[in-house]
Amino acid sequence: MIVKFCFLVILVMSLTVKAQLKTGFYSTSCPTAESIVRSTVVSYFNNDPTIAPALLRLHFHDCFVQGCDGSILIAGFSAERNSLTNLGLRGFEVIDNAKLQIEAVCPGVVSCADILALAARDAVDLTDGPSWSVPTGRRDGRISLSSQASNLPSPLEPVSVHRQKFAAKGLDDHDLVTLLGAHTIGQTDCRFFSYRMYNFTPTGNADPSINQAFLSQLQVICPKNGDGLRKVALDKDTPAKFDVSFFKNVRDGNGVLESDQRLWEDSATRRVVQNYGGFIRGLLGLRFDYEFPKAMIKLSSVDVKTGYDGEIRKVCSKFN
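Summarised in this report is the structure supplied together with it.

Here is what the cut-offs are and how they apply
- Residues numbered from 1 in each chain as written.
- Predicted model: local features only at pLDDT ≥ 70, side-chain atom pairs only at ≥ 80, totals over all residues.
- Heavy atoms only, no water.
- Axes fitted to C-alpha atoms, helices over the stretch in contact; angles between N-to-C directions.
- Helix = DSSP H or I, 4+ residues; strand = E, 2+ residues; numbered from the N terminus.
- Parallel < 35°, antiparallel > 145°, perpendicular 65-115°, else oblique.
- Left-handed = near helix turned anticlockwise from the far one by under 90°.
- Contact = heavy atoms within 4.5 Å.
- Nonpolar A, V, L, I, M, F, W, Y, C, P; charged D, E, K, R; others polar.
- Buried < 20%, exposed > 50% of the residue type's maximum accessible area, 1.4 Å probe, protein only.
- Polar contact = N/O pair within 3.5 Å; in protein donor to acceptor, adjacent residues only side chain to side chain.
- Arc of directions from axis to C-beta.
- Core = buried A, V, L, I, M, F, W, Y, C linked by side-chain atoms within 4.5 Å.
- Disulfide = S-S within 2.5 Å.

### Remarks on the packing of helix H2 (residues 33-47) against helix H5 (residues 112-126)
Point 1. Running from N to C, H2 and H5 cross one another at 50°; their axes reach a closest spacing of 9 Å. As the angle between them shows, H2 and H5 are arranged oblique. Relative to H5, the crossing made by H2 is right-handed. Residues Glu34, Val37, Arg38, Val41, Val42 and Phe45 of H2 lie in contact with H5, whose contacting residues are Ile115, Leu118, Ala119, Arg121, Asp122, Ala123, Asp125 and Leu126.
Point 2. For the contact of H2 with H5, the per-class residue count stands at nine nonpolar, no polar and five charged.

### Notes on the environment of Asp207
Point 1. The topology assignment puts Asp207 in the loop between strand S1 (187-189) and helix H8 (212-221).
Point 2. The exposure class of Asp207 is buried, given its relative accessible area of 2%.
Point 3. Between the alpha carbons of Asp207 and Met197 there is a distance of 6.2 Å; along the sequence they are ten residues apart.
Point 4. Not counting residues up to four positions away in its chain, the partners in contact with Asp207 are Arg196, Phe200 and Arg262.
Point 5. Within the structure, Asp207 has its side chain in polar contact with the side chain of Ser209 (distance 2.8 Å).

### Describing the side chain of Gln261
Point 1. Within the element layout of this structure, Gln261 appears in helix H10 (residues 258-261).
Point 2. The class of Gln261 is buried, set by a relative accessible area of 3%.
Point 3. A polar atom in the side chain of Gln261 sits 2.9 Å from the backbone oxygen of Val250.
Point 4. Residues in contact with Gln261, not counting those within four places in the same chain, are Arg196, Ser209, Asn249, Val250, Gly253, Asn254 and Gly255.

### Remarks on H8
Point 1. Taken residue by residue, H8 has Phe214, Leu215 and Leu218 as its buried positions. Projected down its long axis, H8 shows its buried positions confined to an angular sector of 105°, all on one face. Looking at H8, the residues exposed on the side facing more than 90 degrees away from the buried face are Gln212 and Val220.
Point 2. Looking at the buried residues of H8, the elements they touch are strand S2 (231-233).
Point 3. Two or three places before Ala213, at the opening of H8, Asn211 has a side-chain oxygen 2.9 Å from that residue's backbone nitrogen.

### Quick notes on unusual backbone geometry
Point 1. You will see that Gln66, though not glycine, has its phi angle at about 65°, which is positive.
Point 2. Here Gln66 lies in the loop between helix H3 (51-63) and helix H4 (92-105).
Point 3. On the basis of relative accessible area, Gln66 is assigned to the partly exposed category, the value being 24%.
Point 4. For Asn199, which is not glycine, the phi torsion reads 55° and is therefore positive.
Point 5. Looking at the element boundaries, Asn199 is found in the loop between S1 and H8.
Point 6. Given the relative accessible area of 49%, Asn199 is considered partly exposed.

### A few points about the nonpolar core
Point 1. Counting 69 residues, the largest nonpolar core has Leu56, Leu73, Ile95, Ile102 and Phe292 as its most contacted members.
Point 2. Residue contributions to this core peak at ten residues, all from H5.
Point 3. Ignoring any residue separated from it by four or fewer positions in sequence, one finds Phe292 in contact with Leu56, Val124, Trp132, Thr178, Leu179, Ala182 and Phe242.
Point 4. Grouped together as the second largest cluster of nonpolar side chains are 14 residues, Tyr198, Ile210, Phe214 and Val232 included.

### As for the state of the cysteines
Point 1. In the structure shown here, the tally under the stated rule is four disulfides.
Point 2. Here Cys112 pairs with Cys316 through a disulfide, and the sulfurs are 2.1 Å apart. Torsion about the S-S bond of the Cys112 and Cys316 cystine: about -95°, corresponding to left-handed handedness. With Cys112 in helix H5 and Cys316 in the segment after helix H12 (286-299), this pair connects stretches of sequence that are 204 residues apart. Here Cys112 and Cys316 have matching classes, each one buried.
Point 3. Across the disulfide, Cys190 is cross-linked to Cys222 (sulfur-sulfur distance 2.0 Å). What sets the handedness of the Cys190 and Cys222 disulfide is the S-S torsion sign, and at about -70° it is left-handed. Of this pair, Cys190 sits in the loop between S1 and H8 while Cys222 is found in the loop between H8 and S2, placing the two residues 32 residues apart along the sequence. The same class applies to Cys190 as to Cys222, namely buried.
Point 4. When the bonded cysteines of the protein chain are counted from the start of the sequence, the pairing works out to 1-4, 2-3, 5-8, 6-7.

### Section: the packing of H3 against H12
When two helices pack together, their arrangement is captured by the angle between the axes and the distance separating the axes.
Point 1. Close contact between H3 and H12 brings their axes to 10 Å; oriented N to C, the two are set at 40°. Relative to H12, the element H3 lies oblique. Contact residues: Leu56, His59, Phe60 and Cys63 in H3; Phe292, Met296 and Leu299 in H12.
Point 2. For the contact of H3 with H12, a count of residues per class yields six nonpolar, one polar and no charged.

Printed below as a string of structure tokens:
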């Protein structure tokens, strides 16, 4: 009986440790890992600053399917990255490059999932956003299927649907709004929101929630039947800086994606937008800088694989 009890205690303890991530996970096994990721992201960012939002989006899309396990990085026709919901994802080469360098000094130690989580943090920091200590210790998943990416949040969906999808990952309304604040440095294509500007209502008018002055600007950038692949900043004022301008735009009817603008129409999400975008309640942006890292750590802990689950890939784009 005592032996059985001791076994159960050990089992519970091992499961608890297995489920945990921790900062400095590689401090002994690969002490240069985080600096290699940082220098790699800096190098790409200096050549193309738009790589920052791309890396942030890549991490988000990874975590929302199968958990934060690097499944989005797998190449292949039926792989997750080739789902229609993952159209336009990029930044894979940054992660591959960092992995190549890390493997040269610490072979078989650092997961691709951790590299992606670290790169997302560095992307925010490089755009004048907050930095934070990323808990590491994730392992890479062995499954990547495009069919499983169909449940990613879509810009066409109402807040109620986004709420359900985020809740399924253990994320609440506050997390939803906070994480969508990443759109302060994002871009999108005209094709993903142009329907809001033309024949949105039964009478053929535009979405009435769009600020009229902003509508005129958008119609110049994205004319009817124009190039649907043309890029548009999701934050019209400071698109290269990680700040609270995005929330002020949503408040003023200047949200580009319909799902972003609808945050103002839902009473629960509206309160969060007000807190971030308000001059006093937003504490000059300090509130968002404090809350965003917390939400990112929460997101990046979703359904992670640790301990003996998964694997440590040699190459991020393919299973061992």
